[in-house]
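Here's the letter readout for the chains.
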Amino acid sequence: MQKIHKNEFPNKIFFYTTLHQNNVTFNDLIRLAKKRISSLKSIETLKDARIMDMNLTDDELSHFACRLICCNVPWAFSWFLSAELKLFKARLKETNPSDIKNFFYTLYLKRAKNLVIEDSILFINPDTEFSEDNTIENHVSDIYTTRVHFTKAPDVLRDLNSKIVDGYFTLDHDQMKKVIINEFHEHLVRRMNDLKKNTKLKTDERFQSISSELFTEQKSTSNQIGNIINKSPPCINIIIKKIRTEKHLKFNDRQILTRYFKSCGLSVADCIDFFKGNFSCDPARFEREFVYSIRHNYGLEGKRADYKSFTCMQIIGMNSCPFVSTSTISEYLNSKDLVDIEDAVKKEVSNRNFTKACTEVCEYTNKKEKIDLITTPVEYFKISK
Ligand code: SF4
């Protein structure tokens, strides 16, 4: 394998503009992509750049391999962008200020397209763009005042100390990082979109099947999902039974189950794996329609909200709590051999005390007394643990 010398990467931060390695086997490429994807998954929660413990050659190769694997799968495309951005931010945090400044002026501004210089003021405009071309376009240094259009660092809008006049703010060191982060993101989006247009790549089944394998077939090592299912409340047990017999779930039940799994601590990969293994649709449709939705519920897509499990009141409103129907709950208690408490449960149900009835089932099955009223399925799970 060709050795890459440190000085081929002039700074500690870089945008992966060039693949220095001329030859690599397909198997090596995939091995490195797998390693990178696994590290990127960890950084989603760890936020520590040290998780990417690769040398520069492997770092670069694995990054380019992941671009190829992720560019044609919509949710993998956005996942990769977001994970690389997190890694880049984490690395930037560990980079010393003089390296950041050097990168900003030497590798970004001197080569940037559409940079405007007027009366000793540099204007970073909405169309200013990082250039992979090594040609020096601008003669700039830190003696210039730099004014940045807010679209080049949207995060500054949250910073109450940033004064924005006519859409521009005056750059300081912290904002310099934000501009670099935004530029990295825009650059990566452009490169990924270029790859997406490549028709040869689009029809290359090797990358499609690898993408599917890497993102959806990681098996849980701890039978965590089995434990979660065994300790589930009746509403979840009924949904699980439905998915296993009907090989499909309607929207509300899918949402309830996904957020329940998430709140019980199941990883997104294991959650996707569970749905994939229990749905009867073909893998391409599953990728297209359901993986995004699961990742959305995990806060990894769209507005990236931190969704919690639905509450019992919400589930009752969605008509997915079995306690609202005497016949459904009777059937459930019988199937679980819980006939001893059927009368007590039915009494609470007839008074519309649905959560009280569920609490009684939880107390009985776990041999506990006077537990707090169940208000979410996750509380039931925690007590059952
Ligand atoms: Fe589920 Fe809550 Fe109904 Fe119990 S009361 S079955 S936890 S929705």
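Residues numbered from 1 in each chain as written. Predicted model: local features only at pLDDT ≥ 70, side-chain atom pairs only at ≥ 80, totals over all residues. Heavy atoms only, no water.

1. Some details on the overall build of the chain
Part 1 of the argument: The helix and strand inventory of the chain stands at 17 helices and four strands.
Part 2 of the argument: Radius of gyration (C-alpha) of the chain: 26 Å, far over the 21 Å computed for a compact globule of 385 residues.
Part 3 of the argument: Sequence-distant contacts, at least 24 apart, represent 65% of the contacts inside the chain between residues at least 6 apart.
Part 4 of the argument: On the chain, the mean spot of the 59 positive side-chain charges and the mean spot of the 51 negative ones are 2 Å from each other. (Helix = DSSP H or I, 4+ residues; strand = E, 2+ residues; numbered from the N terminus. Rg over C-alpha atoms; globule rule 2.2 N^0.38 Å. Contact = heavy atoms within 4.5 Å. Lys, Arg positive; Asp, Glu negative; His and termini not counted. Charge placed at Lys NZ, Arg CZ, Asp CG, Glu CD.)

2. A short note on empty space enclosed by the protein
The gaps of empty space that remain are located by a probe, the size of a water molecule, rolled over the atoms.
Part 1 of the argument: In total, this model carries five cavities of 30 Å³ or more according to the counting rule given.
Part 2 of the argument: Roughly 110 Å³ of internal volume is contained in the largest cavity.
Part 3 of the argument: Taken together, 16 residues make up the lining of the largest cavity; nearest its centre are C235, C312, C321, F323 and C358.
Part 4 of the argument: Among the secondary structure elements, those contributing two or more residues to the lining of the largest cavity are α9 (234–246), α13 (312–317), α16 (354–366) and α17 (377–384). (1 Å grid on protein atoms, 1.4 Å probe; cavity = no way out; pocket = protein on both sides within 12 Å on 5 of 7 lines; lining within 4 Å. Points joined across faces, edges and corners; volume = space filled by probe spheres on them.)

3. Brief notes about the packing of α9 against helix α10 (residues 251–263)
Part 1 of the argument: As a packed pair, α9 and α10 sit with axes 10 Å apart at the nearest point and diverge in direction by 115°. When the axes of α9 and α10 are compared, the crossing they make is left-handed. Where α9 approaches α10, its residues I236, I239, I240 and K242 are matched on the opposing element by D253, I256, L257, Y260 and F261.
Part 2 of the argument: Considered class by class, the residues forming the contact of α9 with α10 number seven nonpolar, no polar and two charged. (Axes fitted to C-alpha atoms, helices over the stretch in contact; angles between N-to-C directions. Left-handed = near helix turned anticlockwise from the far one by under 90°. Nonpolar A, V, L, I, M, F, W, Y, C, P; charged D, E, K, R; others polar.)

4. Let's talk about unusual backbone geometry
Part 1 of the argument: For S120, which is not glycine, the phi dihedral falls at a positive 60°.
Part 2 of the argument: At R352, a residue that is not glycine, the phi angle is positive and equals roughly 60°.
Part 3 of the argument: Tracing the backbone through its elements, the reader meets R352 in the loop between α15 (342–350) and α16.
Part 4 of the argument: In this structure R352 comes out as exposed when scored by relative accessible area, which is 62%. (Buried < 20%, exposed > 50% of the residue type's maximum accessible area, 1.4 Å probe, protein only.)

5. Some points on the pairing of strand β2 (residues 121–129)
Part 1 of the argument: Inspection of the sheet shows strand β1 (residues 113–118) paired to β2 by five bridges, in the antiparallel sense. Bridge assignment links I117 to a residue of β2, and that residue is L122.
Part 2 of the argument: Bridge count for β2 against strand β3 (residues 145–149) is four bridges, and the pairing is parallel. Its bridge partner lying in β3, F123 is registered against R147. (Pairing = 2+ DSSP bridges.)

6. Quick notes on the environment of H20
Part 1 of the argument: Locating H20 in the fold gives a position in the segment before α1 (26–46).
Part 2 of the argument: Sequence-wise, H20 and T57 are 37 residues apart; in three dimensions their C-alpha atoms are separated by 7.9 Å.
Part 3 of the argument: A polar atom in the side chain of H20 sits 2.6 Å from the side chain of E60. (Polar contact = N/O pair within 3.5 Å; in protein donor to acceptor, adjacent residues only side chain to side chain.)

7. Considering the site of the ligand
Part 1 of the argument: In the neighbourhood of the ligand, the contacting residues comprise P233, C235, C312, I315, C321, P322, F323, C358, I374 and P377.
Part 2 of the argument: When atoms are counted within 2 Å of each cavity's grid points, the one that captures over half of the ligand is the largest cavity.
Part 3 of the argument: Tallied by class, residues from the shell around the ligand come to 10 nonpolar, no polar and no charged. (Near = heavy atom within 4 Å. Sits in = over half its atoms within 2 Å of the grid points.)

8. Section: the packing of α9 against helix α11 (residues 268–278)
Part 1 of the argument: Direction vectors running N to C along α9 and α11 enclose 45°, while the axes themselves pass 8 Å from each other. It follows that α9 is oblique to α11 by the angle criterion. For the pair α9 and α11, contact is made by I240, I243 and R244 and by F274, F275 and N278, respectively.
Part 2 of the argument: Tallied by class, the residues present in the contact of α9 with α11 amount to four nonpolar, one polar and one charged. (Parallel < 35°, antiparallel > 145°, perpendicular 65-115°, else oblique.)

9. Regarding helix α12 (residues 283–297)
Part 1 of the argument: Its 15 residues place the ends of α12 20 Å apart at the C-alpha level, agreeing with the 21 Å of an ideal helix rising 1.5 Å per residue.
Part 2 of the argument: Of all the bends found along α12, the most pronounced is centred on F290 and spans about 40°.
Part 3 of the argument: Those residues of α12 that sit buried are F286, E287, F290, V291, S293, I294, R295 and N297.
Part 4 of the argument: Downstream of α12 by a residue or two, G299 has a phi angle that is positive, lying close to 75°. (Expected span 1.5 Å × (residues − 1). Bend = angle between axes of the 7 residues up to and from the residue.)

10. With respect to the confidence of the model for the chain
One rule of thumb: low pLDDT means the predicted coordinates there are not for detailed reading.
Part 1 of the argument: Mean pLDDT for the chain: 86, with 91% of residues reaching 70 or above.
Part 2 of the argument: Between residues 1–11, whose pLDDT stays under 50, and residues either more than four places distant or in other chains, the model counts 24 contacts.
Part 3 of the argument: Note on residues 217–221: pLDDT under 50 across the span, and 10 contacts to partners over four residues away in sequence or across chains. (pLDDT = per-residue confidence, 0-100.)

11. Structural notes on the sheet that holds strand β4 (residues 168–170)
Sheets are built from strands paired through backbone hydrogen bonds, the pairs being either parallel or antiparallel.
Part 1 of the argument: The four strands are arranged β1-β2-β3-β4 in an open sheet whose pairing can be described as mixed. Each of the sheet's edge strands pairs with one partner strand only, and the pair in question is β1 and β4. Taken over all neighbouring pairs, the strand axes of this sheet differ in orientation by 25° on average, direction set aside.
Part 2 of the argument: Packed onto the sheet, helix α4 (residues 97–109) meets β1, β2 and β3 and runs at close to 60° relative to β2.
Part 3 of the argument: With respect to the sheet, helix α5 (residues 173–196) is in contact with β2, β3 and β4, its orientation differing from that of β2 by roughly 25°.

12. A closer look at helix α2 (residues 56–70)
Part 1 of the argument: Helix length check: α2 (15 residues) gives 21 Å between terminal C-alpha atoms against 21 Å at 1.5 Å per residue, within 8%.
Part 2 of the argument: For α2, a buried count of 13 out of 15 residues is recorded, marking the element as mostly surrounded by other parts of the structure.
Part 3 of the argument: At the N-terminal end of α2, a side-chain oxygen is found 3.1 Å from the backbone nitrogen of T57, two or three residues along, and the residue is N55.

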